[in-house]
Amino acid sequence: MLQLVFVTGVSLNVVLMLFNLLPIAPLDGSHVLLDLLDPTTARRVQLAMNQYGLFVLIVVVVFAGQIIGPLVGSTVNLLIGVQYYL
């Protein structure tokens, strides 16, 4: 039972970490993306993300399970050494 609680806690934190690093406007990954781009491109990308970011975020939330699932499973396996499937 304790192992299940531990694995669930680790997997939830990994999901939140990966989700937060997506380069979509309200998330932290967008700041990382904008810092990597040159200033003129970053400004154009920022304007587009401010306009369409929330819509893209909703689409990602709906369809992210198929994409993030394998990443979470492999990351949890790496971190705790227990075979875990979402």
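Residues numbered from 1 in each chain as written. Predicted model: local features only at pLDDT ≥ 70, side-chain atom pairs only at ≥ 80, totals over all residues. Heavy atoms only, no water.

Visitor: Which residues make up helix 3 (residues 39–80), and what values go with them?
Guide: In this model, helix 3 (42 residues) spans only 40 Å end to end at C-alpha, well below the 62 Å of a helix rising 1.5 Å per residue. Most pronounced at alanine 64, the bend in helix 3 amounts to some 65 degrees. Listing the buried residues of helix 3 in full gives Ala42, Met49, Gly53, Leu57, Ala64, Ile68, Gly69, Val72, Gly73, Val76 and Ile80. Tucked into the core, helix 3 has its buried residues touching helix 1 (2–20) and helix 2 (28–36). (Helix = DSSP H or I, 4+ residues; strand = E, 2+ residues; numbered from the N terminus. Expected span 1.5 Å × (residues − 1). Bend = angle between axes of the 7 residues up to and from the residue. Buried < 20%, exposed > 50% of the residue type's maximum accessible area, 1.4 Å probe, protein only. Contact = heavy atoms within 4.5 Å.)

Visitor: Describe the packing of helix 1 against helix 3, and please don't skip the residues or the numbers.
Guide: Here helix 1 crosses helix 3 at 130 degrees, and the two axes come no closer than 8 Å. Here helix 3 runs oblique to helix 1, going by the angle between their axes. As for the relative orientation of helix 1 and helix 3, their crossing is right-handed in sense. Of the residues in helix 3, those in contact with Phe6, Val7, Val10, Ser11, Val14, Val15, Leu18 and Phe19 of helix 1 are Leu57, Val60, Val61, Ile68, Leu71, Val72, Thr75, Val76, Leu79 and Ile80. Counted by class, the contact of helix 1 with helix 3 contains 16 nonpolar, 2 polar and no charged residues. (Axes fitted to C-alpha atoms, helices over the stretch in contact; angles between N-to-C directions. Parallel < 35°, antiparallel > 145°, perpendicular 65-115°, else oblique. Left-handed = near helix turned anticlockwise from the far one by under 90°. Nonpolar A, V, L, I, M, F, W, Y, C, P; charged D, E, K, R; others polar.)

Visitor: Tell me about the side chain of serine 30, and please be specific about residues and values.
Guide: Topologically, serine 30 is positioned in helix 2. At 3.0 Å, the side chain of serine 30 forms a polar contact with the backbone oxygen of alanine 25. There is a polar contact of 2.8 Å between the side chain of serine 30 and the backbone oxygen of leucine 27. Beyond its immediate stretch of four places on either side in the chain, serine 30 contacts Leu22, Pro23, Ile24, Ala25 and Met49. (Polar contact = N/O pair within 3.5 Å; in protein donor to acceptor, adjacent residues only side chain to side chain.)

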